[in-house]
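# Reading the structure
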Amino acid sequence: MPITHKTRFFTSDMANAPVMTPGAGGIIAVLDGCLLNGFNTKTLSSLSVTSGIATATVSSGHGYSLHSIIDISGASISALNATHRILSVPDANTFTFDATGVANGTATGTITAIMSVPTGWTKAFSGTNKAAYKSTTSASGCYFRIDDSGAYNNANGQPARGYESMTDVDTGSAPFPTTAQEANFNWRRSTDASGDRLWALVADDQFFYLFVRISAANTANTVMLFGDINSFDVLDAFACVCSGASDFSGGQSGAAAVSSYTPFSYSALTGPYIARPHGASAAGADSCFIAHMGGDYNNFSANSAFNTATSSIAGGMLLARGGVIFDNSLGRKPHGMLPAFHTSLVIPTTLIPNNHSVQIINGALYLCTRLFTGGSAQDGFVAIGLDGWR
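Structural notes, computed from the coordinates. (Residues numbered from 1 in each chain as written. Predicted model: local features only at pLDDT ≥ 70, side-chain atom pairs only at ≥ 80, totals over all residues. Heavy atoms only, no water.)

## Quick notes on helix H1 (residues 26–37)
- Over its 12 residues, H1 runs 15 Å from end to end, which matches the ideal 16 Å to within 8%, given 1.5 Å per residue.
- Buried residues dominate H1, accounting for 9 of its 12 residues.
- Every buried residue of H1 is accounted for by Gly-26, Ile-27, Ile-28, Val-30, Leu-31, Asp-32, Gly-33, Cys-34 and Leu-35.
- Gly-38 occupies a position one or two residues after H1 and carries a positive phi of about 75°. (Helix = DSSP H or I, 4+ residues; strand = E, 2+ residues; numbered from the N terminus. Expected span 1.5 Å × (residues − 1). Buried < 20%, exposed > 50% of the residue type's maximum accessible area, 1.4 Å probe, protein only.)

Right under this line is the structure:
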């Protein structure tokens, strides 16, 4: 059956994926490719349906990986012109997808496939290595602005901030955070010049996570995020969060842009910023706390310094739903949740030995990635659900 939800995932090792260079424009290249344009367009040599399974061939190789989501267009069998998840990859020239309910037959026409994007994002404003992105389907309608022009060795990273409204790429109102709250608020693509960055992006039409291995020597990633969370108030019009950091040095490079500060103990440490605390009638950003089972101020998941178990007593992985957002100025009142954000209660040494991978855990599909835990340890783990967020 066609995919109807908007959740999509992309990784740097996909064929013809956008390249994040260490230099200027690397982050924008990835955001454009994954949120706006798609990539790896292929013309199919054949497309046929047998017993509810569509089989496609590409004479020169397709480059699509298992579980990827693609858009098919141009087929004479109109039911196939839709969004589909790759079901299997028998060889480099062949892939299949579910076509339940479609009669047996062979499609004709100039049929194309492309990596599917979560329709709804626009690049509202742009400049040289600058961009402002906006979700046209979100309740908040807020903008994410990034200045991606700095060198890889820029001490602070690339300036990034959310805005409630903008009139051009350099002018916006109601920023989150404000410059009084965070004078330096940044994302980061690289801390060295030793080659293109490994990355993964997971998004729907209202929110995205970007994971980047900003140091070639690391096996863990920095996580950065922007968009409307799943608010506990369905009428909430300002539940848009933006992560960032002023310091990406040392162990902070793994989680600095969305620190795992607990709302139940630490008094001064906060994570991302939200456009407005719940119920606020006037613009004014608020800092947030993030909570998940077992998390503290710099741990997203089990930490090998204290936890040695690699499975539960039943065997295998054990995930916990996390990412609860708390408004700092409202007595740390729970506001909503990061979409499909899960942490690990065991050390996932066999599941994800390096960087990121797509895994089926307990029957559900996840993009799994490594993060830093306390100090410079690189055995943290988060899993982002891929089966639809809203």
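Let us keep going from here.
## Structural notes on the pattern of salt bridges
- Counted by the stated rule, this structure contains 8 salt bridges.
- A salt bridge links Arg-197 to Asp-192, with the nearest nitrogen and oxygen atoms 3.1 Å apart. Comparing Arg-197 with Asp-192 shows no difference in burial state: the two are buried.
- Here Arg-390 ties to Asp-204 by a salt bridge, and the two come within 2.7 Å at their closest N and O atoms. Highlighted residues: Arg-390 in the segment after strand E29 (380–385) and Asp-204 in the loop between strand E16 (199–203) and strand E17 (207–212), separated in sequence by 186 residues.
- For Asp-204, a relative accessible area of 2% translates into the label buried.
- Taken together, the shared-partner salt bridges connect Lys-130, Arg-145 and Asp-170 into one network. (Salt bridge = Lys/Arg side-chain N within 4 Å of Asp/Glu carboxyl O.)

## Remarks on the pairing of strand E25 (residues 333–337)
- Two strands pair when backbone bridges link them, and strand E19 (residues 230–231) and E25 are joined in this way by 2 bridges, in the antiparallel orientation. The residue bridging Ser-231 from the neighbouring strand is Gly-336, located in E25.
- As paired elements, strand E24 (residues 324–327) and E25 share 4 bridges and run antiparallel to each other. Bridge assignment links Phe-326 to a residue of E25, and that residue is Pro-334. (Pairing = 2+ DSSP bridges.)

## A few points about the nonpolar core
- Leu-47, Leu-80, Leu-201 and Tyr-209 are the most contacted members of the largest nonpolar core, which has 81 residues in total.
- Ignoring any residue separated from it by four or fewer positions in sequence, one finds Tyr-209 in contact with Ala-200, Leu-201, Val-202, Val-223, Met-224, Leu-225, Leu-338, Pro-339, Phe-341, Ile-384 and Trp-389.
- Among the nonpolar cores identified, the runner-up in size contains 9 residues, and Met-317, Leu-319, Val-346 and Tyr-366 belong to it. (Core = buried A, V, L, I, M, F, W, Y, C linked by side-chain atoms within 4.5 Å. Contact = heavy atoms within 4.5 Å.)

Purely spatial values, then, with no claim about function.
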